[in-house]
Amino acid sequence: MSIGFGIFLMAVGAIIAWAVPALWQVEGANWTLIGYILLGAGALVTLFGIIMAARAGRTSQVSRSRIDPETGTRVERTERRDDVL
């Protein structure tokens, strides 16, 4: 989701930076600067999304359940493994 949102921010930033100043002028608003800020924010959000997706791909979780022969109760064990380079 964050990768798509970052790409959306970059697209809106590009439109604002390069198309809006030629079409519409507002005193006190620098459309080019606003567009570049959105482009930068979109790049950061996309980069953060890629990093989070790469981290999520290296995590594995294993669940095991068995019945304890002495008490007859179910015992569940969950192991989580993070492969950190």
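As shown above, the structure is provided for reference.
Residues numbered from 1 in each chain as written. Predicted model: local features only at pLDDT ≥ 70, side-chain atom pairs only at ≥ 80, totals over all residues. Heavy atoms only, no water.

Here's the deal with the overall build of the chain
- A tally of helices and strands in the chain yields 3 helices and 2 strands.
- Secondary structure elements of the chain occur, N-terminal to C-terminal, as α-α-α-β-β.
- Computed over the C-alpha atoms, the radius of gyration of the chain is 24 Å, more than 25% above the 12 Å expected from 2.2 N^0.38 for a compact globule of 85 residues.
- When the backbone C-alpha atoms are referred to their principal axes, the chain occupies close to 80 × 25 × 15 Å.
- Residue pairs in contact within the chain that sit at least 24 positions apart in sequence constitute 39% of those at least 6 positions apart. (Helix = DSSP H or I, 4+ residues; strand = E, 2+ residues; numbered from the N terminus. Rg over C-alpha atoms; globule rule 2.2 N^0.38 Å. Contact = heavy atoms within 4.5 Å.)

Topic: a nonpolar patch on the surface
- The grouping of I3, I7 and I50 at the surface amounts to a nonpolar patch, some 250 Å² of accessible area in total.
- For I3, the location among the structural elements is in helix α1 (residues 2-18).
- Owing to a relative accessible area of 33%, I3 belongs among the partly exposed residues under this scheme. (Patch = residues over 30% accessible without salt bridge, like charges linked within 9 Å, V, L, I, M, F, W, Y side chains within 5 Å. Areas by Shrake-Rupley, 256 points an atom, 1.4 Å probe, with all protein chains shown as cover. Salt bridge = Lys/Arg side-chain N within 4 Å of Asp/Glu carboxyl O. Buried < 20%, exposed > 50% of the residue type's maximum accessible area, 1.4 Å probe, protein only.)

Remarks on the environment of W24
- Along the polypeptide, W24 turns up in the loop between α2 (20-23) and α3 (31-57).
- Here the alpha-carbon distance between W24 and G40, two residues 16 residues apart in the chain, equals 22 Å.

Section: the packing of aromatic side chains
- One pass over the structure, following the stated rule, counts 2 aromatic pairs.
- When the ring of F5 is compared with that of F8, the centres are 6.4 Å apart and the planes differ by 25°; the resulting orientation is stacked. Taken together, the positions of F5 and F8, both in helix α1 and 3 residues apart, correspond to about one turn of that helix.
- The class for F5 is partly exposed, based on a relative accessible area of 43%.
- With centroids separated by 6.2 Å and ring planes inclined at 80°, the aromatic side chains of W18 and Y36 adopt a geometry described as edge-to-face. Taken together, the residues span a long stretch of sequence, with W18 in helix α1 and Y36 in helix α3 at a distance of 18 residues. (Phe/Tyr/Trp six-rings, centres within 6.5 Å; stacked < 30°, edge-to-face > 60°.)

Thoughts on the environment of I3
- Each C-alpha atom, one on I3 and one on L44, is 9.7 Å from the other, the two residues being 41 residues apart in sequence.
- Filtering out sequence-adjacent residues up to four positions away, I3 remains in contact with T46, G49 and I50.

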